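# A structural walkthrough
Letter by letter, the chains look like this.
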Amino acid sequence: MYQNSLKFNHLNNRKQIMTTITSRLQAVRDRIQAATAAAGRPPDAVRLIAVSKTFSAQAVREACQAGQHAFGENYLQEASSKIEALSDLPLEWHFIGPLQSNKTRSAAGLFSWVHTVDRLKLAERLSAARPNELAPLQVCIQVNVSSEPSKSGCRPEDALALADAVAGLPRLRLRGLMTIPELTSDAVLQRNRFAALRNLKEELVSRGIELDTLSMGMSDDLEAAIAEGATMVRVGQAIFGPRRPR
Ligand SMILES: *Cc1c(COP(=O)(O)O)cnc(C)c1O
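So, here's what we can say about the structure. (Residues numbered from 1 in each chain as written. Predicted model: local features only at pLDDT ≥ 70, side-chain atom pairs only at ≥ 80, totals over all residues. Heavy atoms only, no water.)

### Some thoughts on the overall build of the chain
Put simply, the rule reads: To qualify as a helix, a DSSP run of H or I must reach at least 4 residues; to qualify as a strand, a run of E must reach at least 2; elements of each kind are numbered from the N terminus. Here the globule rule is a power law, 2.2 Å times the number of residues to the power 0.38, and the radius of gyration is based on C-alpha atoms. Buried means the residue's accessible area, taken with a 1.4 Å probe over protein chains only, is under 20% of the maximum for its type, while exposed means over 50%, and partly exposed covers the values in between. Using a 1.4 Å probe, the Shrake-Rupley method yields the accessible areas, and only the shown protein chains count as cover for residues. Positive: Lys, Arg. Negative: Asp, Glu. His and the chain ends are not part of the count. Charge positions come from single atoms, namely NZ of Lys, CZ of Arg, CG of Asp or CD of Glu.
Assigned secondary structure in the chain consists of nine helices and eight strands. A compact globule built from 246 residues should have a C-alpha radius of gyration of about 18 Å, and the chain, at 19 Å, falls within 12% of that. Considered along the principal axes of its C-alpha atoms, the chain spans approximately 70 × 40 × 35 Å. Expressed as a percentage of its 246 residues, the buried residues of the chain come to 47%. Accessible area of the chain: about 12600 Å², with a carbon and sulfur share of 51%. Side chains of the chain carry 31 positive and 25 negative charges; the gap between the two charge centres is 6 Å.

Spelled out as structure tokens, the structure:
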């Protein structure tokens, strides 16, 4: 009897979590669709990357059952066990965390995308370590548009030279630019930061660099990012719920 009610509770909780992830995911999709329409952009202009850092493999599995296939992770060790545990699913993994040069080997084998390339040495190592049996690693150059000294990302004035060098690496495919602006409740400042990344992308394209991706916007600012041309938004807490400090 006791056993039975425990089991019942367990199933009930699982179902509850699943319903929550499914409905939150739908709410995020609705927000993306509304922002995309408001900007006069095509309905499929923005891809959603579900940021699963600190959340369980089971949470990812449930998001997958609700139709989500692209996931973002920040920490290599956490990511590698999750990716392994979910290898039965058709998932596309994006690395979006700070990357140390001595960790490039495992990142180059685990992910389809790395969004956080901010120096040439990192790009060269990723290219050298990308396994031959995999397609070229898709990368974005991370740019610090807020010019905060503590943030990672290259300086805007260094982006052209870096992009040009990265585009020439054999096992990488340069796709675009990524940014994480400073947290702010100032909506105008928020828009300006995203606009700065869009303008930089347009400038690089006018100089002959092929780019089709702007990775910008998270749970709290995806509308502003989409209004300024984001093609990928990286959303964690709005899908999986509040994150506990790590
Ligand atoms: C954690 C993280 C996100 C997602 O942030 P949320 O506030 O959970 O939406 C997006 N991008 C990067 C680089 C992150 O580290």
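Now that the structure is up, let's keep going.
### Considerations on the pattern of salt bridges
It is possible for side chains of opposite charge to pair when their charged atoms get near one another. We count it as follows: We count a salt bridge whenever a side-chain nitrogen from Lys or Arg sits within 4 Å of a carboxyl oxygen from Asp or Glu.
In the structure shown here, the tally under the stated rule is 13 salt bridges. Here Glu 92 makes a salt bridge to Arg 47, at a shortest N to O gap of 2.9 Å. Of the two residues, Glu 92 is situated in strand 3 (residues 92-95) and Arg 47 in strand 1 (residues 47-51); the sequence distance between them amounts to 45 residues. Of the residues examined, Glu 92 reaches a relative accessible area of 22% and is grouped as partly exposed. Taken together, the salt bridges that share partners define one network made up of Glu 73, Glu 78 and Lys 82.

### Re the site of the ligand
Heads up, the condition is: Nearness here has a simple test: a residue counts as near a molecule or strand if at least one of its heavy atoms is within 4 Å of that partner. For this analysis, a polar contact is any N or O atom pair within 3.5 Å, provided that within protein one partner can donate a hydrogen and the other can accept it, and provided that sequence-adjacent residues contribute only side-chain to side-chain pairs. Note on residue categories: nonpolar means Ala, Val, Leu, Ile, Met, Phe, Trp, Tyr, Cys or Pro, charged means Asp, Glu, Lys or Arg, and polar means any other residue, Gly included.
Inspection of the region around the ligand gives 13 residues, with Lys 53, Asn 74, Ser 219, Gln 237 and Arg 243 positioned closest. Arg 234 places a side-chain nitrogen or oxygen 2.9 Å from a nitrogen atom of the ligand. Contacts to the ligand include Gln 237, whose backbone N or O atom sits 2.8 Å from an oxygen atom. For the ligand, whose accessible area on its own is 390 Å², the fraction buried by protein is 91%. Considering only residue class, the shell around the ligand consists of six nonpolar, four polar and three charged.

### Quick look at the packing of aromatic side chains
This is how it is decided: Only centres within 6.5 Å qualify two rings of Phe, Tyr or Trp (six-membered ring in Trp) as a pair; their planes then separate them into stacked at under 30 degrees, edge-to-face at over 60, and tilted for everything else.
Overall, the coordinates contain three aromatic pairs when judged by the stated rule. Between Phe 55 and Phe 240 the ring centres are 5.1 Å apart and the planes differ by 25 degrees, which places this aromatic pair in the stacked class. Of the two residues, Phe 55 is situated in the loop between strand 1 and helix 2 (57-65) and Phe 240 in helix 9 (residues 237-240); the sequence distance between them amounts to 185 residues. A ring pair is formed by Phe 95 and Phe 111, whose centres lie 5.2 Å apart and whose planes are at 70 degrees; its orientation type is edge-to-face. With Phe 95 in strand 3 and Phe 111 in the loop between helix 4 (104-110) and strand 4 (113-117), this pair connects stretches of sequence that are 16 residues apart. Both residues of the pair, Phe 95 and Phe 111, count as buried.

### Here we look at the side chain of Arg 41
Filter applied, for reference: When checking whether two residues touch, look at their non-hydrogen atoms; a contact exists if any pair is within 4.5 Å.
For Arg 41, the location among the structural elements is in the loop between helix 1 (2-38) and strand 1. Buried charge without a salt bridge: Arg 41, with Asp 44 as the nearest opposite-charge side chain at an N-O distance of 8.5 Å. Polar side-chain contacts of Arg 41 include one of 3.0 Å to the backbone oxygen of Ile 226. With residues up to four places along the chain from it excluded, the contact list for Arg 41 reads Thr 36, Val 46, Ile 226, Gly 229, Ala 230 and Thr 231.

### Re the pairing of strand 4
Put simply, the rule is: Here the rule is simple: two strands pair whenever DSSP picks up at least two bridges between them. A crossover gets the label right-handed when its path from the first strand over the helix to the second runs clockwise, viewed with the strands pointing away from the viewer.
For strand 4, a buried count of five out of five residues is recorded, marking the element as mostly surrounded by other parts of the structure. Judged from the two bridges that link them, strand 3 and strand 4 form a sheet pairing that is parallel. Looking across to strand 4, one finds that His 94 is bridged to Trp 113. Once you follow strand 3 into helix 4 and on to strand 4, the crossover reads as right-handed. Pairing of strand 4 with strand 5 (residues 137-142) involves three bridges; the strand directions are parallel.

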